[in-house]
Amino acid sequence: MKAVAESRAGAVRPEPRRGGPLRIVWAVVSRFWLVPVVVAAWEAAARAAASIDFPPPSAIVLRMRELWLSGPPTRLFLSDDAIADLLPGLGRMFAGWLLASLVGVVAGIALGRAATAAHYVEPLIHFARAVPPPMLITLFVLLFRSSTQTQLAVIVFGVIWPVLLNSMDGARSVERGYLDTAAVFGLGRRERLLRIVLPAAAPKIFAGLRLSLSLALILMVISELVGSTDGIGYELLQAQRGFDSPGVWATILLLGLLGYVLNAVFVLVERRVLSWHVRGTRTT
Amino acid sequence: MLKVVNLAHAYGDQQVLAGIDLSVGDGELVSVVGPSGCGKSTLLRSIAGLIKPSHGQVLINGVPVEQTPDDLAVVFQDYSRSLFPWLSAAGNVALPLRRKGMSRRARREAALAALDQVGLAGSADKYPFEMSGGMQQRVAIARALAYRPALLLMDEPFASVDAQTREDLEDLVLAVRANHNMSILLITHDIDESVYVGDRVVVLTRSPATVTESLTVDLPSPRDQIATRELEAFVRLRSEIGRLVRGRPDLVGEQ
Amino acid sequence: MTGARLVRGAVGVAGFLAVAELAVRSGYLDERLLPPPTVVVREAVLLVADPEFTSGLVGTVSRWLTGLALAIAIAVPAGVLLGTVAWAERATRPLLEFLRPIPSVALIPLAILLIPDDFLMKISVIVYASLWPILINTMYGLREVDPLAKDSLRSFGFGRLAVLCRVSLPSTAPFIVTGVRLSAGIALILAISAELLAGGAEGLGVFVIRAGSGNRTDLVIAAALWAGTAGVLSNTALVAAERRLFRWHHVRSGAVT
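Residues numbered from 1 in each chain as written. Chains lettered and ligands numbered in written order. Predicted model: local features only at pLDDT ≥ 70, side-chain atom pairs only at ≥ 80, totals over all residues. Heavy atoms only, no water.

Undergrad: Residues and numbers for the packing of helix 1 (residues 3-25) of chain C against helix 2 (residues 37-47) of chain C, please.
TA: Residues and elements named next belong to chain C. Taken N-terminus to C-terminus, the directions of helix 1 and helix 2 make an angle of 110 degrees; their axes are 8 Å apart at the nearest point. As the angle between them shows, helix 1 and helix 2 are arranged roughly perpendicular. Contact with helix 1, carried on its side by L17, A20, E21 and R25, involves P37, T38 and V39 of helix 2 and no other residues of that element. Tallied by class, the residues present in the contact of helix 1 with helix 2 amount to four nonpolar, one polar and two charged. (Axes fitted to C-alpha atoms, helices over the stretch in contact; angles between N-to-C directions. Helix = DSSP H or I, 4+ residues; strand = E, 2+ residues; numbered from the N terminus. Parallel < 35°, antiparallel > 145°, perpendicular 65-115°, else oblique. Contact = heavy atoms within 4.5 Å. Nonpolar A, V, L, I, M, F, W, Y, C, P; charged D, E, K, R; others polar.)

Right, dumping it as structure tokens:
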């Protein structure tokens, strides 16, 4: 098992590591030199402009620390605000995303394997996913009253379509040879679905899940901006209304970090789960 | 063992098989040779129960085939479409054993034993993308062996590998056949191959296919890639089959 | 699409509407909250004659398309630059990797602070959000160009520019169109979100807020139907363009949306 893991890792990284510390320094410099340049230029420009709405990065970082990292070390310095702002929104986002993913994958695979049934619902699906989710926020607000339900509804409605369509596509385009083989060796319906169709469709399902995760973050923010009393989006709105522009910038930066981490974690999981596919025809 | 009676099949109004009769005895290895596009694969798919033929019957041990029979395994031509890329070699071999009610451990052991037989003892945990084409086809053969079918169907099993590997795999099939009491139906477009591995060669005409001839291969065992092919009997059989298909230019210079 | 498939699709839509109608009429769903489809469809038709709605639709769609056009004008050349000049791509990669995951709607409050002009504010957030899919797809497409095709042209003595125009760009075009299709969806979300947050004189978002404050869910759903229609039309047009222009190309893009 270990040998396999090693040989696979070796296959992914074909270049042998060579060169000493100088080479590593050069690699870092050639890759990251622009970042300090841009930050320095931004700092200088912001100080020169001296506008309240355009604070220098140093002020933004200070504000971030003040807002979210002023807590006790036992809580990794997270402040009460950090926990109060981040947790509810993230909780809703994950709940919505997981719910949509579950329904999307199950329904998508079912429809992908049942071509005739899919014909009946495809026009509805294609129309529904073309409706921009923000159009429905007001509707959900009126329907649900509770803001948590409203936000969940916005997120679920918005992110289910990429998962559903990709799962359908994946289940529909399972290599015929795989199914023939399964039939010849007498695999039952359940096994065929779980052990053949699901893994065969997995690369497409993951592409859909990834798309829907970044969409979920967007919808979390917009739903909190429009109708919520907590969450990062709500704090962002408060900062804007209070003309706390370092706070606005800081929140955006935080959301950027969040998006980056979410995507990185997702890619990590995807690589692990789809290790057999990474070497194949990955496109996204 | 296997009996095919007056089997005919058409896709729409295109007739591919026009009344095929053939049989495979217990422990016999029958090669079916014919020009490509003559419906060999349709024949195999009908026997495997993957398609329902328009006419005729397939009997295994006297029982008509309705769905895919229990006692049957298939090695397909295109290993890349029949090995599951998300499973290791052992995983691929063990998967069909689930329905035999074997424990996880027993499945794994059976898989390792089968892989050992095809010369892949050290590669059980490799994934298909880490193996050469020849190795992948060996895994497919191991999967069929571990399943312990009474009848093994092979659909152009060596057509997607290079010449050297092909010879190795032909010998592998002969070797496992000597060890297991298994009836094998091997479909090929290669005349030499059909003679080399077969106890009997069934020659098909081009589409819509019928059986023109069934020739017994009277060559000594064990066969040898060099010596057997030099034998006068081998050359004579090869010529005879070649003559049977002469006048059918689609067989000449094929692939 | 075969006839049988069309019929089935129509049956599906009709069935959905009938079930929804029954659910509302029978009192299973609250009629004041969720109007029956017949009412919604009637309202949707009536909206065509409502100047407040039509000016809103025209306003939103024109901002959407303007933003998308600007995004194409910026992202395609930028993508070509980053896709062909290796050191530029390396240097900007960390910046792009950080900027890309920022959820674009979060920029709307900032844009409201920074850009006093309503039209400019809305356009800039639309442009920002739609840049990414086009940029990424252009860069990706350039990376996928068959090196053999480039080499063979170069061996005939063509220069870098000629190779770019004759080989790289044409074979990247399908990827760019895919990027535009992805961007179009996001741009519409942003166009409407900006209106929800910043208000304005007209727009689909503005219309929906007004309808919502009057508890007119029938009008909200009717407007959503029109927004969906706009989305379907743009998507269909771009898919058709992809199929027509690039029949030679089998893009095995990872995602469908």
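Following the structure, the description resumes.
Undergrad: I'd like a description of the interface of chain A and chain B, backed by residues and values.
TA: Taken together, the 23 residues of chain A in the interface contact 28 residues of chain B. Each partner contributes to the roughly 2400 Å² buried at the junction of chain A and chain B, and carbon and sulfur atoms together form 65% of this total. Of all residues in chain A, A:V184, A:F185 and A:W276 bury the most surface against chain B, accounting for 31% of the area lost on that side. Between chain A and chain B we count three salt bridges in total. For the pair chain A and chain B, the number of links is eight residue pairs in polar contact (both at pLDDT 80 or more). Those elements giving two or more residues to the side of chain A that touches chain B turn out to be helix 1 (2-12), helix 9 (176-184), helix 10 (189-226) and helix 13 (275-278) of chain A. Among the elements that line the side of chain A that touches chain B, the one with the most residues is helix 9 of chain A, at seven residues. (Buried area = accessible area lost by both parts, 1.4 Å probe. Salt bridge = Lys/Arg side-chain N within 4 Å of Asp/Glu carboxyl O. Polar contact = N/O pair within 3.5 Å; in protein donor to acceptor, adjacent residues only side chain to side chain.)

Undergrad: Hey, could you go over the domain arrangement of chain A for me, with residue numbers and the actual values?
TA: Accessible area lost when the parts come together is the quantity often used to give the size of an interface. Looking at chain A, the domain boundaries give domain 1 (18-50) and domain 2 (74-278). A C-alpha centroid distance of 35 Å is found between domain 1 of chain A and domain 2 of chain A. (Domains from an automatic or database assignment.)

Undergrad: Explain the interface of chain A and chain C to me, using residue names and the numbers behind them.
TA: Opposite the 59 residues of chain A that make contact, chain C presents 59 residues. A salt bridge links A:E122 to C:R5; the shortest N-O distance between them is 2.9 Å. Taken together, chain A and chain C are joined by three residue pairs in polar contact (both at pLDDT 80 or more). Classifying every residue of the side of chain A that touches chain C by side-chain character gives 40 nonpolar, 13 polar and six charged.

Undergrad: Describe the packing of helix 12 (residues 245-273) of chain A against helix 5 (residues 107-114) of chain C, naming the residues involved and giving the relevant values.
TA: Direction vectors running N to C along helix 12 of chain A and helix 5 of chain C enclose 150 degrees, while the axes themselves pass 9 Å from each other. As judged from the angle between their axes, helix 12 of chain A and helix 5 of chain C are roughly antiparallel. Crossing geometry of helix 12 of chain A relative to helix 5 of chain C is assigned as left-handed. Taken together, the residues of helix 5 of chain C that come into contact with helix 12 of chain A (itself represented by A:S245, A:V248, A:W249 and A:I252) are C:L107, C:L110, C:L113 and C:L114. Residues that form the contact of helix 12 of chain A with helix 5 of chain C fall into these classes: seven nonpolar, one polar and no charged. (Left-handed = near helix turned anticlockwise from the far one by under 90°.)

Undergrad: Lay out the pairing of strand 1 (residues 2-11) of chain B with the relevant residues and their values.
TA: All names here are of chain B. Here strand 1 runs beside strand 2 (residues 14-24); their pairing, made up of eight bridges, is antiparallel. Bridge assignment links K3 to a residue of strand 2, and that residue is S23. Where strand 1 hands over to strand 2, the hairpin turn is made up of two residues, of which G12 adopts a positive phi near 65 degrees. Pairing between strand 1 and strand 4 (residues 55-60): five bridges, direction antiparallel. When the bridges of strand 4 are listed, A8 appears paired with H55. (Pairing = 2+ DSSP bridges.)

Undergrad: Can you tell me about the UniProt feature "domain: ABC transporter" (unreviewed entry) in chain B, naming the residues and giving the values?
TA: UniProt's entry tags residues 2-231 of chain B with the feature "domain: ABC transporter" (unreviewed entry), counted in the numbering of this structure. In this annotation, residues 2-231 of chain B is assigned 32% helix and 26% strand; the end-to-end C-alpha distance for the span is 30 Å. (UniProt positions renumbered as here; feature names shortened; annotations may be inferred.)

Undergrad: Outline the packing of aromatic side chains, listing residues and values.
TA: Residues and elements named next belong to chain A. With the rule as written, the count across this model stands at 16 aromatic pairs over all chains. Plain terms: the ring middles of F54 and W249 are 6.2 Å apart, the flat faces sit at 55 degrees to each other, and that makes the pair tilted. Pair noted here: F54 is in the loop between helix 3 (34-49) and helix 4 (57-68) and W249 is in helix 12, with a separation of 195 residues, a long-range link. Taking relative accessible area as the criterion, W249 reaches 14% and is therefore assigned buried. Their ring planes at 50 degrees and their centres at 5.8 Å tell us that F206 and F266 sit as a pair that is tilted. Of this pair, F206 sits in helix 10 while F266 is found in helix 12, placing the two residues 60 residues apart along the sequence. Given a relative accessible area of 8%, F266 falls into the buried group. (Phe/Tyr/Trp six-rings, centres within 6.5 Å; stacked < 30°, edge-to-face > 60°. Buried < 20%, exposed > 50% of the residue type's maximum accessible area, 1.4 Å probe, protein only.)

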